[in-house]
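# Structural overview for review
Here is what each chain is made of, one letter per residue.
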Amino acid sequence: MTEQQSIMQREMERVREYLAEAVGGIEADGGDIRFFSAAFLTAAVQLSVEIEGTAGLKKAISKIAQWELVRAGEAGRC
């Protein structure tokens, strides 16, 4: 595993923990998880653009789509 993969793995775990806590709070408060998900995605995209610019966002979205399609069995590994 490369250093970047290791960092990504640690940060993904951190995000999963934060999201689990947030979702628990939303469910306890009777919030709408669909709207939370949309708001969270919007904030993540905005943060990505602030950090990496629009070119970085395009690259990230392409990689995420590729990983998810492979994971779902909809595409072969590239």
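Report on the accompanying structure. (Residues numbered from 1 in each chain as written. Predicted model: local features only at pLDDT ≥ 70, side-chain atom pairs only at ≥ 80, totals over all residues. Heavy atoms only, no water.)

### Topic: a nonpolar patch on the surface
Rules: Note on patches: the residues involved have over 30% relative accessible area and no salt bridge, like charges join within 9 Å, and the nonpolar side chains Val, Leu, Ile, Met, Phe, Trp and Tyr join within 5 Å. In this description, accessible areas are obtained by the Shrake-Rupley approach with a 1.4 Å probe, and a residue is regarded as covered only by the protein chains that are shown. When a carboxyl oxygen of Asp or Glu is within 4 Å of a side-chain nitrogen of Lys or Arg, the pair counts as a salt bridge. Strands are runs of DSSP state E lasting at least 2 residues, helices are runs of H or I lasting at least 4, and numbering of each runs from the N terminus.
There is a patch of nonpolar side chains on the surface, built from M8, M12, I64 and W67 and spanning about 400 Å² of accessible area. If you list the elements that add at least two residues to the nonpolar patch, you get α1 (3-29) and α2 (33-71). Mapped onto the elements, M8 comes out in helix α1.

### Regarding α2
What counts, and what does not: By definition here, a helix of n residues has an expected span of 1.5 Å times n minus one. Bend, at a single residue, is the angle you get between axes fitted to the 7 residues ending at that residue and the 7 residues starting at it. Polar contacts, as used here, are pairs of N or O atoms within 3.5 Å; protein pairs need one atom able to donate a hydrogen and one able to accept it. Residues neighboring in sequence count only if both atoms are side-chain atoms.
In a regular helix each residue adds 1.5 Å, so 39 residues correspond to 57 Å; α2 covers only 24 Å between its end C-alpha atoms and thus falls short of that length. Of all the bends found along α2, the most pronounced is centred on E52 and spans about 120°. For α2, the N-terminal capping position is held by D32, with its side-chain oxygen 2.9 Å away from the main-chain nitrogen of R34. Positive backbone phi, at 80°, marks G73, one or two positions downstream of α2.

### Some thoughts on the layout of surface pockets
The test is simple: Both cavities and pockets are sets of points on a 1 Å grid over the protein atoms alone; in a cavity a 1.4 Å probe fits but cannot get out, in a pocket the set is open with protein on both sides within 12 Å along at least five of seven lines, and lining residues sit with an atom within 4 Å of a point. Grid points are joined across faces, edges and corners, and a volume is the space filled by probe spheres set on the points. The residue classification treats Ala, Val, Leu, Ile, Met, Phe, Trp, Tyr, Cys and Pro as nonpolar and Asp, Glu, Lys and Arg as charged. All others, Gly included, are polar.
Here the largest pocket defines a volume of roughly 2000 Å³. Taken together, 35 residues form the lining of the largest pocket, with M8, M12, A60, I64 and W67 sitting closest to its centre. Residue composition of the lining of the largest pocket, by class: 20 nonpolar, seven polar and eight charged.

### Re the pattern of salt bridges
Our working definition: Accessibility here uses a 1.4 Å probe with only protein chains present; expressed as a share of the type maximum, an area under 20% marks a residue as buried, one over 50% as exposed, and anything in between as partly exposed.
Summed over all chains, the structure comprises two salt bridges. Residue R14 is joined to E11 by a salt bridge in which the shortest nitrogen-to-oxygen separation is 2.7 Å. On the criterion of helical spacing, the pair formed by R14 and E11 is a turn pair, its members being three residues apart in helix α1. On the basis of relative accessibility, which here comes to 31%, the residue E11 falls in the partly exposed class. Of the charged contacts, one joins R71 and E68 as a salt bridge, the two residues approaching to 2.5 Å between their closest N and O atoms. With R71 and E68 both in helix α2, this residue pair falls three residues apart, about one helical turn. Residue R71 is classed as exposed on the basis of its relative accessible area, which comes to 66%.

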